[in-house]
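Close look at the chain arrangement
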Amino acid sequence: MKGWKDVFSFTFTQNVKGKTFKAALYGIATLIFIIFLAINIIVAVVNNDDDKKKNEETVKNSVDIIHIINESDIQDVDFPKLTEENDIFTGIRILAEEGDPSPADQAEAFETDSREIILHIQKYRFNNKTQQYILFEEYDSPAGQNEEASDEIVYRLTIYLKKDGVLDNSGDRAAILRLAETLAEYFDRAKYGFAGISQEGMEILDSEIHVESVDIEKAGESLTETLAKIFIPMIVCLVVYMLVLLYGQSISKVIVVEKSSKLMETLLTSLQPYAIVFGKIFAMFSIAMVQIVVWTVSGVLGYIVGDKIASSMFSGYENQLYVIIDIFRSDSDSAFTLTAVILGILVLVIGFFMYCVMSALFSSGISKAEEVSNGYALFQTVVVVTFLAAYMIPLMGVSDTVVNVLRFIPVTAAFMLPADVIIGSCGILVSAASLGVMIAATAIMIYLTGKMYKKKIF
């Protein structure tokens with residue numbers, strides 16, 4: 001294919017020398033950088049605001065002092081020490097009080113503008129017959145001996161506040177309830193210590209038991225495999241689909257419009273049609289790759305910078321993308337390895353180039369510029385059908401044999417193989433073999449495009 005470099009150089013230069021190309025390249029790159037930078041920051045801000053609304057803001061603005069009256073058998077609970085590392089108790093004093101006078105009377109004695117509450121802790125038994133709670137000491141008294149009660153022991157934490165006081169409104173009540181629930185969790189831990197249970201024993205008692213069924217004939221699918229089969233292939237398929245449709249149209253125009261020029265007849269007397277076709281396709285493909293690389297680098301840099309900013313702004317921030325990658329790695333030895341990522345990118349690039357050649361193949365059979373839409377419509381139909389086949393068929397629960405066949409059909413492999421190899425669903429050797437088939441198919445299409453190109457001119 002002697003002379004293809006000259007065709008490549010001319011076509012490439014003609015399409016990138018204008019101000020429009022540079023403006024689009026750098027303008028879109030800047031926009032992508034800003035968008036990806038903002039993603040992590042926005043997620044972190046939203047999550048942080050939710051946490052504050054739930055745990056801190058209203059509570060801190062509501063309560064100044066918590067009076068704790070503990071009349072249960074579990075004494076010596078050091079609430080101030082237990083809560084000192086919890087931010088929602090910052091600025092709140094916790095005081096231990098006696099139960100005389102009654103908690104209700106003590107609360108009513110508060111000033112109207114007082115921001116104080118009382119938390120009353122008592123031990124109860126639940127009576128099955130009357131469906132009532134009975135104080136533990138009253139149950140043991142003669143008055144309570146006639147009641148048939150269950151063996152269930154209940155500790156109740158009751159909140160008292162000044163009626164018609166500054167805290168007696170729905171917003172503050174909701175915040176105070178969350179605060180009391182947090183104190184109840186600390187009291188629950190104190191129960192284990194009172195019963196002589198160690199920290200390790202507490203962790204065992206608090207642990208949950210999960211039951212799941214596994215199909216013996218098919219390996220049980222983890223969350224990772226489910227996500228891999230649905231979301232990751234979908235994203236990659238959509239990226240390839242959009243690239244093919246976007247740049248395929250540009251290649252069609254280049255092939256058809258310049259074919260009608262008398263200059264092509266002159267070139268074909270000195271150059272092989274394959275050299276002309278390959279030079280033009282590779283030039284447009286290279287322009288596309290320059291744009292894609294610049295935009296991808298902008299997105300990655302923006303995402304990294306946004307991640308750093310979010311981490312410095314919010315101490316509890318966690319990047320969910322890294323969490324997902326760790327899940328994938330735990331499920332497959334080859335997932336997200338350097339080899340898998342490089343091979344996946346290579347398959348994506350070659351697959352994209354193959355579809356660029358296919359666009360030229362469909363356009364090479366058109367002799368008039370006004371008919372370019374007809375050739376592109378046929379190309380677009382093939383792209384849509386293969387895209388849907390590559391994405392939908394594996395989701396239908398077909399056998400592994402069918403999926404493997406699709407991985408060796410170049411038009412479907414271009415969509416499904418990049419994601420499969422990166423997430424570890426397809427082995428490295430199988431992916432490399434499929435890539436070889438894709439390269440061979442691309443070479444055949446270049447040959448056919450060149451023959452048809454020359455035939456339609458002469």
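Worth saying up front: this structure is predicted, and the values here are computed from it rather than measured.

Overview of the nonpolar core
In this structure, F352, Y355, V383 and F415 are the most contacted members of the largest nonpolar core, which totals 62 residues. Core analysis: the next-biggest nonpolar cluster, separate from the first, contains 21 residues, V63, F89, L179 and Y186 among them.

What about the environment of G351?
Along the chain, G351 turns up in helix α13 (residues 338-364). Each C-alpha atom, one on G351 and one on P418, is 9.1 Å from the other, the two residues being 67 residues apart in sequence. Setting aside anything within four residues of it in sequence, one finds G351 in contact with A414 and M438.

Considering helix α1 (residues 4-16)
The end-to-end C-alpha separation of α1 is 18 Å, in line with the 18 Å expected for 13 residues at 1.5 Å each. V7, T11 and V16 are the residues of α1 that are buried. The arc that holds every buried residue of α1, seen down its axis, measures 135°, which confines them to one face. Residues of α1 that are exposed and point over 90 degrees away from its buried face: K5 and D6.

Some thoughts on the environment of R329
Relative to the assigned elements, R329 resides in helix α12 (residues 320-331). Classification of R329 as partly exposed rests on a relative accessible area of 46%. Separated by 94 residues in sequence, R329 and I423 place their C-alpha atoms 8.1 Å apart. Filtering out sequence-adjacent residues up to four positions away, R329 remains in contact with A335 and F336.

Some words on the side chain of S359
Within the secondary structure layout, S359 lies in helix α13. Judged by its relative accessible area of 0%, S359 falls in the buried class. Those residues in contact with S359, other than ones at most four positions away along the chain, are G248, I251, S252 and F379.

A closer look at the packing of aromatic side chains
On inspection of all chains with the given rule, the structure shows 19 aromatic pairs. On the basis of an interplanar angle of 75° and a centroid distance of 5.9 Å, the ring pair of Y247 and F352 is categorised as edge-to-face. Placement of Y247 in helix α9 (residues 223-259) and of F352 in helix α13 is noted, with a sequence separation of 105 residues between them. For Y247, a relative accessible area of 10% corresponds to the buried category. You can call F352 buried: its relative accessible area is 2%.

Here's the deal with the packing of helix α14 (residues 372-395) against helix α15 (residues 400-408)
Where α14 meets α15, the axes come as close as 10 Å, and the angle between the chain directions of the two elements is 165°. Between α14 and α15, the crossing angle belongs to the class labelled roughly antiparallel. Between α14 and α15 lies a crossing of left-handed hand. Here A389, I393 and P394 of α14 come into contact with α15, specifically with V402, V403 and L406.

A look at the packing of α13 against α14
Where α13 meets α14, the axes come as close as 8 Å, and the angle between the chain directions of the two elements is 145°. For the pair α13 and α14, the crossing hand works out as right-handed. Touching Y355, M358, S359 and F362 of α13 are G375, L378, F379, V382, V383 and T386, all from α14.

Some thoughts on the side chain of N70
You can see N70 is positioned in strand β1 (residues 65-70). Assessed through its relative accessible area of 17%, N70 is described here as buried. At 2.7 Å, the side chain of N70 forms a polar contact with the side chain of S72. Within the local environment of N70, its side chain forms a polar contact with the backbone oxygen of I74, the two atoms lying 2.7 Å apart. Setting aside its immediate chain neighbours within four residues, N70 contacts Q75, V77, I121 and F187.

Considering the pairing of strand β3 (residues 116-127)
Buried residues dominate β3, accounting for 12 of its 12 residues. Side chains of β3 alternate between two faces, with E116, I118, H120, Q122, Y124 and F126 and I117, L119, I121, K123, R125 and N127 buried alike. Pairing geometry for β3 and strand β5 (residues 153-160), over eight bridges, is antiparallel. The residue bridging Q122 from the neighbouring strand is R156, located in β5.

Considering the pattern of salt bridges
One pass over the full model with this rule turns up two salt bridges. When the shortest N-O distance is used, the salt bridge between D73 and K123 registers 2.9 Å. Placement of the pair is D73 in the loop between β1 and α4 (79-82) and K123 in strand β3, with a sequence separation of 50 residues.

Quick look at a negative patch on the surface
Taken together, the side chains of E71, E97, E98 and D100 define an acidic patch exposed on the protein surface. Following the sequence through the fold, E71 ends up in the loop between β1 and α4.

Examining the confidence of the model for the protein chain
With 79% of its residues at a pLDDT of 70 or more, the protein chain shows a mean pLDDT of 79. Ranking the elements of the protein chain by mean pLDDT puts helix α3 (residues 57-62) last, at 53, and α15 first, at 92. Scored below 50 in pLDDT, residues 139-150 shows 20 contacts in the model against residues more than four places distant or in partner chains. Here residues 212-220 is modelled with pLDDT under 50, and outside its nearest four sequence neighbours on either side it reaches two contacts, counting other chains as well.

Calculation notes
- Residues numbered from 1 in each chain as written.
- Predicted model: local features only at pLDDT ≥ 70, side-chain atom pairs only at ≥ 80, totals over all residues.
- Heavy atoms only, no water.
- Core = buried A, V, L, I, M, F, W, Y, C linked by side-chain atoms within 4.5 Å.
- Buried < 20%, exposed > 50% of the residue type's maximum accessible area, 1.4 Å probe, protein only.
- Helix = DSSP H or I, 4+ residues; strand = E, 2+ residues; numbered from the N terminus.
- Contact = heavy atoms within 4.5 Å.
- Expected span 1.5 Å × (residues − 1).
- Arc of directions from axis to C-beta.
- Phe/Tyr/Trp six-rings, centres within 6.5 Å; stacked < 30°, edge-to-face > 60°.
- Axes fitted to C-alpha atoms, helices over the stretch in contact; angles between N-to-C directions.
- Parallel < 35°, antiparallel > 145°, perpendicular 65-115°, else oblique.
- Left-handed = near helix turned anticlockwise from the far one by under 90°.
- Polar contact = N/O pair within 3.5 Å; in protein donor to acceptor, adjacent residues only side chain to side chain.
- Pairing = 2+ DSSP bridges.
- Salt bridge = Lys/Arg side-chain N within 4 Å of Asp/Glu carboxyl O.
- Patch = residues over 30% accessible without salt bridge, like charges linked within 9 Å, V, L, I, M, F, W, Y side chains within 5 Å.
- Areas by Shrake-Rupley, 256 points an atom, 1.4 Å probe, with all protein chains shown as cover.
- Lys, Arg positive; Asp, Glu negative; His and termini not counted.
- Charge placed at Lys NZ, Arg CZ, Asp CG, Glu CD.
- pLDDT = per-residue confidence, 0-100.

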